[in-house]
Amino acid sequence: MTISDRVFYRLKEIGMPQREFSEKTGIAQSTISEWKSKRTNPTSEKIMIICKVLDVTPEWLLSGVENTGNKGNKLNLILVDRNTEVGEVLTTYNKLDENSRARLMGYMTALNEAIKNKK
């Protein structure tokens, strides 16, 4: 089973129409249709949003294997929608130069310590 096969399998499993999937992922319906007709797969930059919308892990989407138990490396990822406050913070952070990032991290560390000390 390919990645696109797993996408369509999961869409059927959760009863999500292709149109809704397109709207939620921002992937054009024509692109999604090409996955099926031309037997192509999604591009790598779309994997995480696909996983979020389909509520599956990247391991499952890419390999069909679910990471259960203690074997293998667990991914230490956080998926954030760019259109949220946290997404905006991360987008802004990524635009900062190294010195500005260090200052911001120092401020956040100090703020976190101040909050801990208040408790």
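Parameters at a glance
- Residues numbered from 1 in each chain as written.
- Predicted model: local features only at pLDDT ≥ 70, side-chain atom pairs only at ≥ 80, totals over all residues.
- Heavy atoms only, no water.
- Helix = DSSP H or I, 4+ residues; strand = E, 2+ residues; numbered from the N terminus.
- Rg over C-alpha atoms; globule rule 2.2 N^0.38 Å.
- Buried < 20%, exposed > 50% of the residue type's maximum accessible area, 1.4 Å probe, protein only.
- Contact = heavy atoms within 4.5 Å.
- Areas by Shrake-Rupley, 256 points an atom, 1.4 Å probe, with all protein chains shown as cover.
- Polar contact = N/O pair within 3.5 Å; in protein donor to acceptor, adjacent residues only side chain to side chain.
- Phe/Tyr/Trp six-rings, centres within 6.5 Å; stacked < 30°, edge-to-face > 60°.
- pLDDT = per-residue confidence, 0-100.
- Salt bridge = Lys/Arg side-chain N within 4 Å of Asp/Glu carboxyl O.

Draft legend 1. Layout of the overall build of the protein chain. Assigned secondary structure in the protein chain consists of seven helices and zero strands. In terms of overall dimensions, the protein chain is more spread out than a globule: its C-alpha atoms have a radius of gyration of 19 Å, far above the 14 Å expected for 119 residues. With the principal axes as the frame, the protein chain shows a C-alpha extent of 55 × 35 × 25 Å. In the protein chain, buried positions account for 21% of the 119 residues. Looking at the protein chain alone, contacts between residues at least 24 apart form 48% of all its contacts between residues at least 6 apart. Summed over all atoms, the accessible surface of the protein chain reaches about 9,200 Å², with 52% contributed by carbon and sulfur.

Draft legend 2. Inspection of the environment of Thr 57 at higher detail. Residue position: Thr 57 is located in the loop between helix 4 (47-54) and helix 5 (58-63). Along the primary structure Thr 57 and Ile 47 are separated by ten residues, whereas in three dimensions their C-alpha atoms are 9.6 Å apart. Excluding residues within four positions of it along the chain, Thr 57 makes contact with Cys 51 and Glu 66. Polar side-chain contacts of Thr 57 include one of 3.1 Å to the backbone nitrogen of Trp 60.

Draft legend 3. Local environment of the packing of aromatic side chains. With the rule as written, the count across this model stands at two aromatic pairs. For the pair Tyr 9 and Trp 60, a centre-to-centre distance of 6.5 Å together with 40° between the ring planes defines the contact as tilted. Remark: Trp 60 occurs in helix 5 and Tyr 9 occurs in helix 1 (residues 3-14); sequence separation between them is 51 residues. Look at Tyr 9 and you get partly exposed, because its relative accessible area is 44%. Where Phe 21 meets Trp 35, the ring centres are 6.5 Å apart and the plane angle is 70°; that geometry is what we call edge-to-face. Here Trp 35 lies in helix 3 (residues 29-37) and Phe 21 lies in helix 2 (residues 18-25), a separation of 14 residues in the sequence. For the pair formed by Phe 21 and Trp 35, the shared burial category is buried.

Draft legend 4. Structural context of the confidence of the model for the protein chain. Scored by pLDDT, the protein chain has a mean of 87; 91% of the residues are at 70 or more. No element of the protein chain has a lower mean pLDDT than helix 5, which averages 89, and none a higher one than helix 2, which averages 96.

Draft legend 5. Quick look at the pattern of salt bridges. Throughout the structure, instances matching the rule amount to five salt bridges. As a salt-bridge pair, Glu 23 and Arg 19 come within 3.7 Å of each other at their nearest N and O atoms. Remark: Arg 19 and Glu 23 occur in helix 2; sequence separation between them is four residues, near one turn of the helix. Accessibility expressed as a relative area gives 47% for Arg 19, which makes it partly exposed. Here Glu 20 makes a salt bridge to Lys 24, at a shortest N to O gap of 3.1 Å. Of this pair, Glu 20 and Lys 24 both sit in helix 2, four residues apart, which is roughly one turn of the helix. Residue classification places Glu 20 among the partly exposed positions, given a relative accessible area of 26%.

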